[in-house]
Amino acid sequence: MKDEATLKKRYHAVQQRIAAAGVRSGRRRNDVLLTIVTKLASIDQIRQLLELGHMDFGENRVQALVQRAAQIDEFLQRHRQLSGSKVVNIPRKLRWHMVGHLQRNKVAKVLNLVRLIHSVDSLRLAEEIQTAAARYEDPVEVLIQVNTTGEKNQFGVAPAAAVHLIEQIDTMMNLRPRGLMSIARQVEDPEEARPDFERCVDLFEDIRRAGAGGEQFDILSMGMSNDFEVAIECGANIVRIGSAIFGPPAPDVAEEAD
Ligand SMILES: *Cc1c(COP(=O)(O)O)cnc(C)c1O
């Protein structure tokens, strides 16, 4: 019970910080979508967040996403049977976000589960999605991950290559480019991440001005537990947050997640 109270408190605190950062940057409260990254969460914690009415969850690995989605689906079905006509807060359906690097041979496993893929970073991956998505009615919504730090161990296309990739994706029937995603450098003082976010925003605005991504190119996914307020001040409208809600990883959980 104590854990549950802590989780709830952290969740509301994060929501309040998101709203405050939005107000500081002159935006309306609902402009920023919180995607809760569950890689360090227990199933129980996800259930508690569902009971608070939260809908958007993300995973950075395909296997974890598939597993979680199945477990939660079962929970939702059972819950629906038990609760009958009682009014409850629990959303009918979750929206899963794939936020981590996606290997081409795993594309087929996630397409029917995810609402948004944040991490398209190559033409070959986009082509794989285009082929695999042919059997679904709706196009797959994707963000293009941009490497704004220039660090070699980071995923993402170089900023200079992003426009061309987006133009190519925009010609694919089964994909819909919706925006950009980036991960800032890991620094203690989040202010040091600001230039990374600004680089991404500049690129985003260039693409929008040029019309390269089509009409619905309007999502900017930036900001994690350590730097989300700076990201929102720069213009992020999706933040991806894990540890600020679940607490720092316990050693055993971190091992399990590997
Ligand atoms: C884990 C993860 C996050 C959340 O990180 P926290 O620092 O725990 O908030 C966000 N984005 C991606 C791609 C991740 O893998």
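So, here's what we can say about the structure. (Residues numbered from 1 in each chain as written. Predicted model: local features only at pLDDT ≥ 70, side-chain atom pairs only at ≥ 80, totals over all residues. Heavy atoms only, no water.)

1. Comments concerning the overall build of the protein chain
Then comes step 1: Within the protein chain, the regular secondary structure consists of 10 helices and eight strands.
Then comes step 2: Computed over its C-alpha atoms, the radius of gyration of the protein chain comes to 18 Å, within 12% of the 18 Å expected for a compact globule of 258 residues.
Then comes step 3: In terms of its C-alpha atoms, the protein chain occupies a principal-axis envelope of roughly 50 × 45 × 35 Å.
Then comes step 4: Looking at the protein chain as a whole, 46% of its 258 residues qualify as buried. (Helix = DSSP H or I, 4+ residues; strand = E, 2+ residues; numbered from the N terminus. Rg over C-alpha atoms; globule rule 2.2 N^0.38 Å. Buried < 20%, exposed > 50% of the residue type's maximum accessible area, 1.4 Å probe, protein only.)

2. Digging into the site of the ligand
Then comes step 1: Inspection of the region around the ligand gives Val 37, Lys 39, Asn 60, Val 99, Met 224, Ser 225, Arg 240, Ile 241, Gly 242 and Ser 243 as its neighbouring residues.
Then comes step 2: Between the ligand and the protein, one listed contact pairs an oxygen atom with a side-chain N or O atom of Ser 225 at 2.5 Å.
Then comes step 3: Between Arg 240 and the ligand, the recorded distance is 3.0 Å, taken from a side-chain N or O atom to a nitrogen atom.
Then comes step 4: In isolation the ligand has 390 Å² of accessible area, and contact with the protein removes 86% of it.
Then comes step 5: Along the lines of polarity and charge, the residues of the shell around the ligand split into four nonpolar, four polar and two charged. (Near = heavy atom within 4 Å. Polar contact = N/O pair within 3.5 Å; in protein donor to acceptor, adjacent residues only side chain to side chain. Areas by Shrake-Rupley, 256 points an atom, 1.4 Å probe, with all protein chains shown as cover. Nonpolar A, V, L, I, M, F, W, Y, C, P; charged D, E, K, R; others polar.)

3. With respect to the packing of aromatic side chains
Then comes step 1: The tally for this structure, following the rule as stated, stands at two aromatic pairs.
Then comes step 2: Seen in terms of ring centroids, Phe 57 and Trp 96 are 6.0 Å apart; in terms of plane orientation they differ by 45°. Their pairing is tilted. One end of the pair, Phe 57, is in strand β2 (residues 56-59); the other, Trp 96, is in strand β3 (residues 95-98), with 39 residues separating them in the sequence. With respect to burial, Phe 57 and Trp 96 carry one shared label: buried. (Phe/Tyr/Trp six-rings, centres within 6.5 Å; stacked < 30°, edge-to-face > 60°.)

4. What about the pattern of salt bridges?
Then comes step 1: Tallying each qualifying case throughout the model produces 14 salt bridges.
Then comes step 2: Of the charged contacts in the structure, one is a salt bridge between Arg 176 and Glu 141, with a shortest N-O distance of 3.3 Å. On the criterion of sequence distance, the pair formed by Arg 176 in strand β6 (residues 175-182) and Glu 141 in strand β5 (residues 140-146) is long-range, its members being 35 residues apart.
Then comes step 3: Given a relative accessible area of 32%, Arg 176 falls into the partly exposed group.
Then comes step 4: With a shortest N-O distance of 2.7 Å, Asp 218 and Arg 178 are connected by a salt bridge. Separated by 40 residues along the polypeptide, Asp 218 in the loop between α7 (194-210) and β7 (219-222) and Arg 178 in strand β6 bring together distant segments of the chain.
Then comes step 5: For Asp 218, a relative accessible area of 31% puts it in the partly exposed group. (Salt bridge = Lys/Arg side-chain N within 4 Å of Asp/Glu carboxyl O.)

Just geometry here; none of it tells us what the structure is for.
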